[in-house]
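# Structure at a glance
Residue strings, one per chain:
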Amino acid sequence: MAMIGTTIFSHILPVFIGFFGLVLIISGSLEDSNVKLSLGVVLFVTACAFPYVVLSMLV
């Protein structure tokens, strides 16, 4: 049986991180702000890799 924390790390946190990453990507591209755009890309890639990294350590 999976621990209760695995649901947080595999389903909840990546969604929030990915959402804010997409918001920053859109905002950065519309305002021509490279800082926001690059931060959004980093957040989105982190959200994609986050479950694999964390869950491999927990399980």
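Here's what I pulled together on the structure shown here. None of these values were measured; they are calculated from a predicted model.

### Here's the deal with the packing of helix α1 (residues 4-31) against helix α2 (residues 34-58)
Between α1 and α2, the least distance of the axes is 6 Å, while the angle of their chain directions is 170°. Taken together, α1 and α2 sit at an angle that is classed as roughly antiparallel. In the contact of α1 with α2, the residues fall into 19 nonpolar, eight polar and two charged.

### Brief notes about the packing of aromatic side chains
Enumeration over the complete set of coordinates arrives at two aromatic pairs. On the numbers, 6.1 Å between centres and 50° between planes, the contact of phenylalanine 9 with phenylalanine 50 is tilted. A residue pair is termed long-range when its members are at least 10 positions apart, and phenylalanine 9 in helix α1 and phenylalanine 50 in helix α2 qualify at 41 residues. Residue phenylalanine 9 is classed as partly exposed on the basis of its relative accessible area, which comes to 28%. When the ring of phenylalanine 19 is compared with that of phenylalanine 20, the centres are 5.5 Å apart and the planes differ by 65°; the resulting orientation is edge-to-face.

Rules behind the numbers
Residues numbered from 1 in each chain as written. Predicted model: local features only at pLDDT ≥ 70, side-chain atom pairs only at ≥ 80, totals over all residues. Heavy atoms only, no water. Axes fitted to C-alpha atoms, helices over the stretch in contact; angles between N-to-C directions. Helix = DSSP H or I, 4+ residues; strand = E, 2+ residues; numbered from the N terminus. Parallel < 35°, antiparallel > 145°, perpendicular 65-115°, else oblique. Nonpolar A, V, L, I, M, F, W, Y, C, P; charged D, E, K, R; others polar. Phe/Tyr/Trp six-rings, centres within 6.5 Å; stacked < 30°, edge-to-face > 60°. Buried < 20%, exposed > 50% of the residue type's maximum accessible area, 1.4 Å probe, protein only.

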